[in-house]
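Close look at the chain arrangement
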Amino acid sequence: MKLSTYNFLTSKAIKGVKVGYPLKLTIAKKDVVETEFNPTFIERLLPKLDWNTVYLAAQTVDLADDIPQEQPAAVADNEELLQRLHHLLLEIDVLEGQLECPETGRVFPITDGIPNMLLNEDEV
Amino acid sequence: MARMRMKKLEEFLSGVDGFEKPKILLEQYPTPPHIASCVLYNVQAQYFDLEDKLVGDLGCGCGMLSIGSFLLGAQLTIGFELDPDAIDIFRNNVTEMEIPAIDCVQTNVLELTGSKWENAFDTIVTNPPFGTKHNAGMDMKFVETGIHLATGAVYSLHKTSTRDYIHKKSKDWKVKGEVVAQLNYNIDNSYKFHKSKSVDIEVDFWRFDVTEKEL
C-alpha cells in the first residue's frame, strides 16, 4: 500500500462512524520501490490529498523532517519538495501492518501490501 | 514510458494469470488479453487517458486492466476488489511482473461512492460483472461508481444488447457516453451451466466523458 492510497482510506462505512479519518497507520514491514519521478503528476495529486494526513504519514515513516507541517501555498517551483513528496507518496510500500478506525478501534489488516477494508454485514 | 505497441501489450498481458475457480455469484469472467490490450491501447492512443494518469480499476479481479494500464504509462493504478481469491492472484501477478506502480484495496466497489475516493482519479477502467442472473444492474452500478470517482473519463465493457439503455442512463447522468468499438468477447466454458465449449458474446467498449457530470 502506497502512502498516497492511505490518504484516501476511511472507516466511514462502519455503522455509526461519523468521520472515520484519518486511520491510525501502524507499519510492521515496508519496502521502498523506485518509480519514475513525474513532478506534474505530484502537483496534480496534491489538491486531492489531505495535507494533515500526508504529514501524519511522513511522521509514521520517520520522514517528517522532509515535509512541512503546513501545506505550502505553491509547490510548482519547489522541485526538491516535489521529489520528497514523490518518494513519500509513491515509493514507500507498506507490506505488513494495520489501519485503525479512530472512532471504534476497528482494525483493518494490511497483508502483503493490500489493505483489507471489507466490513462484516453486521458492521454496515 | 514510450508507448507500447498493441501486439507487444497483448504478449505481456498473456502472462497475467486469471481466476482459478471463477465464482458464479460474482460473475467472474477473466478479461482476455486480446480484449484488454485492444481496449487499453485505444484508451491511450485515441484519448491519452493512461499515460501519466492516476487510474482506478473497479473490480480489478486478477489485475489484467490494472497491469495493462501500468504498461501503457499510468503513473499509479489502484485496483479495487472484493474477492480474496482474486486478490491473491492479483498480488502474485504484480509481484511476478515486478510492477512498482500498482496498488490494490480489498473493498466493496459499491461502497466507494461518497467516500474520499470521489473525484480522486483521472481515469477509471472497469470490466464489470455483466449484470445478468442474480446480479441484475450490477454493470451500471459499477459505471455509476466510476463516474463518481473519475474527473476525466470512465471506460467500461457492456453487452451490446444493453446499448440503448446505457445511452439513456448517460443522458440522465449528464455524461457523454459513446461506443468506441464493438468486440467479440469469447468466454471459455468457465461454468458448468455453459453447454457449449466456449461462447462468443457481443460486447460494447464504452467511453464516458465525465467532465460535465451531474450526479
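These numbers were taken from a predicted model, which means no experiment stands behind them.

Things to note about the overall build of chain A
Looking only at helices and strands, chain A has four helices and four strands in total. The dimensions of chain A, computed from C-alpha atoms along their principal axes, are 50 × 30 × 25 Å. Out of the 124 residues in chain A, the part that is buried amounts to 47%. About 6200 Å² of surface is accessible on chain A, with carbon and sulfur atoms providing 44% of the total.

Topic: the side chain of A:Thr10
Mapped onto the fold, A:Thr10 is located in the loop between α1 (3-6) and β1 (24-32). Within the local environment of A:Thr10, its side chain forms a polar contact with the backbone nitrogen of A:Lys12, the two atoms lying 3.3 Å apart. What A:Thr10 contacts, discounting residues up to four positions off in sequence, is A:Val19, A:Gly20, A:Tyr21, A:Leu23, A:Met117 and B:Lys116.

So, the pattern of salt bridges
Considering all chains together, one arrives at eleven salt bridges over all chains under this definition. Between B:Asp49 and B:Arg207 there is a salt bridge; the shortest N-O distance is 2.9 Å. Here B:Arg207 lies in strand β7 (residues 198-209) and B:Asp49 lies in the loop between α2 (33-47) and β1 (54-58), a separation of 158 residues in the sequence. Residue classification places B:Asp49 among the buried positions, given a relative accessible area of 10%. Of the charged contacts in the structure, one is a salt bridge between B:Lys176 and B:Asp209, with a shortest N-O distance of 3.9 Å. With B:Lys176 in strand β6 (residues 176-188) and B:Asp209 in strand β7, the pair connects residues that are 33 residues apart, well separated along the chain. Connected through salt bridges with shared partners, the residues A:Arg44, A:Lys48 and B:Asp122 form a single ionic network.

Details of the nonpolar core
Counting 63 residues, the largest nonpolar core has A:Leu3, A:Leu85, A:Leu88, A:Leu99, B:Phe80, B:Trp117 and B:Phe121 as its most contacted members. Setting aside its immediate chain neighbours within four residues, B:Trp117 contacts A:Thr5, A:Phe8, A:Leu9, B:Ile78, B:Phe80, B:Leu112 and B:Leu149. Among the nonpolar cores identified, the runner-up in size contains 40 residues, and B:Leu13, B:Val39, B:Ile67 and B:Ile102 belong to it.

What about the packing of helix α1 (residues 6-13) of chain B against helix α3 (residues 64-71) of chain B?
Residues and elements named next belong to chain B. α3 packs onto α1 with a crossing angle of 135° between their chain directions and a minimal axis gap of 10 Å. If you check the angle between α1 and α3, you find them oblique. Taken as a pair, α1 and α3 cross one another with a handedness that is right-handed. In contact with Leu-9, Phe-12 and Leu-13 of α1, α3 contributes Met-64, Ile-67, Gly-68 and Leu-71. Of the residues in the contact of α1 with α3, the class split is six nonpolar, one polar and no charged.

Some words on the layout of surface pockets
Within this model, the largest pocket holds a volume of roughly 750 Å³. What lines the largest pocket is a set of 44 residues, among which B:Phe19, B:Glu27, B:Gln28, B:Tyr29 and B:Asn127 lie closest to the centre. Of the residues that constitute the lining of the largest pocket, the class distribution is 25 nonpolar, 14 polar and five charged. The space that makes up the second largest pocket amounts to roughly 430 Å³. Every element with two or more residues in the lining of the second largest pocket is listed here: β1 and β2 (92-100) of chain A together with α4 (84-96) and β3 (102-106) of chain B. Residue contributions to the lining of the second largest pocket peak at four residues, all from α4(B). Residue composition of the lining of the second largest pocket, by class: ten nonpolar, two polar and nine charged.

Some words on the pairing of strand β4 (residues 121-126) of chain B
Moving residue by residue along a regular strand, the side chains alternate between the two faces of the sheet. Residues and elements named next belong to chain B. Burial analysis of β4 places six of its six residues in the buried class, the great majority of the element. The pairing of β1 with β4 spans four bridges and is classified as parallel. Of the residues in β4, the one forming a bridge with Leu-58 is Thr-126. Alignment of β4 against strand β5 (residues 150-159), held across five bridges, turns out to be parallel. When the sheet's bridge partners are listed, Ile-124 is paired in β5 with Val-154.

Describing the packing of α1(B) against α2(B)
All names here are of chain B. Close contact between α1 and α2 brings their axes to 9 Å; oriented N to C, the two are set at 140°. Put simply, α1 runs oblique to α2. Along this stretch, α1 crosses α2, giving a crossing that reads as right-handed. Seen from α1, the contacting residues are Met-6, Leu-9, Glu-10 and Leu-13; seen from α2, they are Pro-33, His-34, Ala-36, Ser-37, Cys-38, Leu-40 and Tyr-41. Residues of the contact of α1 with α2, tallied by class, amount to eight nonpolar, two polar and one charged.

Cut-offs and rules
- Residues numbered from 1 in each chain as written.
- Chains lettered and ligands numbered in written order.
- Predicted model: local features only at pLDDT ≥ 70, side-chain atom pairs only at ≥ 80, totals over all residues.
- Heavy atoms only, no water.
- Helix = DSSP H or I, 4+ residues; strand = E, 2+ residues; numbered from the N terminus.
- Buried < 20%, exposed > 50% of the residue type's maximum accessible area, 1.4 Å probe, protein only.
- Areas by Shrake-Rupley, 256 points an atom, 1.4 Å probe, with all protein chains shown as cover.
- Polar contact = N/O pair within 3.5 Å; in protein donor to acceptor, adjacent residues only side chain to side chain.
- Contact = heavy atoms within 4.5 Å.
- Salt bridge = Lys/Arg side-chain N within 4 Å of Asp/Glu carboxyl O.
- Core = buried A, V, L, I, M, F, W, Y, C linked by side-chain atoms within 4.5 Å.
- Axes fitted to C-alpha atoms, helices over the stretch in contact; angles between N-to-C directions.
- Parallel < 35°, antiparallel > 145°, perpendicular 65-115°, else oblique.
- Left-handed = near helix turned anticlockwise from the far one by under 90°.
- Nonpolar A, V, L, I, M, F, W, Y, C, P; charged D, E, K, R; others polar.
- 1 Å grid on protein atoms, 1.4 Å probe; cavity = no way out; pocket = protein on both sides within 12 Å on 5 of 7 lines; lining within 4 Å.
- Points joined across faces, edges and corners; volume = space filled by probe spheres on them.
- Pairing = 2+ DSSP bridges.

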